[in-house]
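For reference, the chains in residue letters:
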Amino acid sequence: MATMTGPTGELSYEVSMIDVTTSVPQPDKSWRFTDVNGHEHYWQDGYPTLSHVPDGERYWDDDDGEWYQPTRLACSVCGVGVTPRTTVDTFRRMAPGLSYYTFNGEPITKERFEEIQEEWRAARG
Ligand SMILES: [Zn+2]
């Protein structure tokens, strides 16, 4: 929380942090792999050296109302199956969430907060 005092009172604001830790596996960006045929594979906004190839029977997905074709990743050159390494968060990740502003202890909007700051600045000359 940050607090500032001016000619008409006390302003404060606080930004609540939200927990954005995910347990969904994320691509491991440091992943490097050489397949059995000597082809290099790595992450770079995707897997530039890998292709999605059909893996198993396609089936009707009732939720989406369309056919779904399962795929797996394979080397674009030789077609050997490659499973990139993934990671999950091992520590909490926080991101700024809602902001909360008060004037003399009363909740106010961000606009009002900025207005008061402006008034104070003007008062100071
Ligand atoms: Zn290959």
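Residues numbered from 1 in each chain as written. Predicted model: local features only at pLDDT ≥ 70, side-chain atom pairs only at ≥ 80, totals over all residues.

Q: Help me understand the domain arrangement of the chain, please; the structure alone is not making it clear to me.
A: Often, the extent of an interface is quoted as the loss of accessible area on bringing the components together. Once the domains are mapped, the chain shows domain 1 (1–21 + 92–125) and domain 2 (24–90). Placing the centre of domain 1 and that of domain 2 at their C-alpha centroids yields a distance of 46 Å. (Domains from an automatic or database assignment.)

Q: What exactly am I supposed to notice about the environment of Tyr 101 here?
A: Tracing the sequence through the fold places Tyr 101 in strand β11 (residues 94–103). Measuring from C-alpha to C-alpha, the distance between Tyr 101 and Gln 26 comes to 35 Å, with 75 residues separating the pair along the chain. In contact with Tyr 101, other than residues within four places in its own chain, are Tyr 13, Pro 107, Ile 108, Thr 109, Lys 110 and Phe 113. (Helix = DSSP H or I, 4+ residues; strand = E, 2+ residues; numbered from the N terminus. Contact = placed C-beta atoms within 7 Å.)

Q: Would you mind going over the environment of Thr 34 with me for this structure?
A: Turning to its location among the elements, Thr 34 is positioned in strand β4 (residues 32–34). Once residues within four sequence positions are removed from consideration, Thr 34 is found in contact with His 39 and Glu 40.

Q: Looking at this structure, how should I read helix α1 (residues 110–124)?
A: Residues that lie three or four places apart on an α-helix share one face, since the helix turns once every 3.6 residues. Between its first and last C-alpha atoms α1 spans 21 Å; for 15 residues at 1.5 Å apiece the expected length is 21 Å, and the two agree. With its phi angle positive at about 90 degrees, Gly 125 sits one or two positions after the end of α1. (Expected span 1.5 Å × (residues − 1).)

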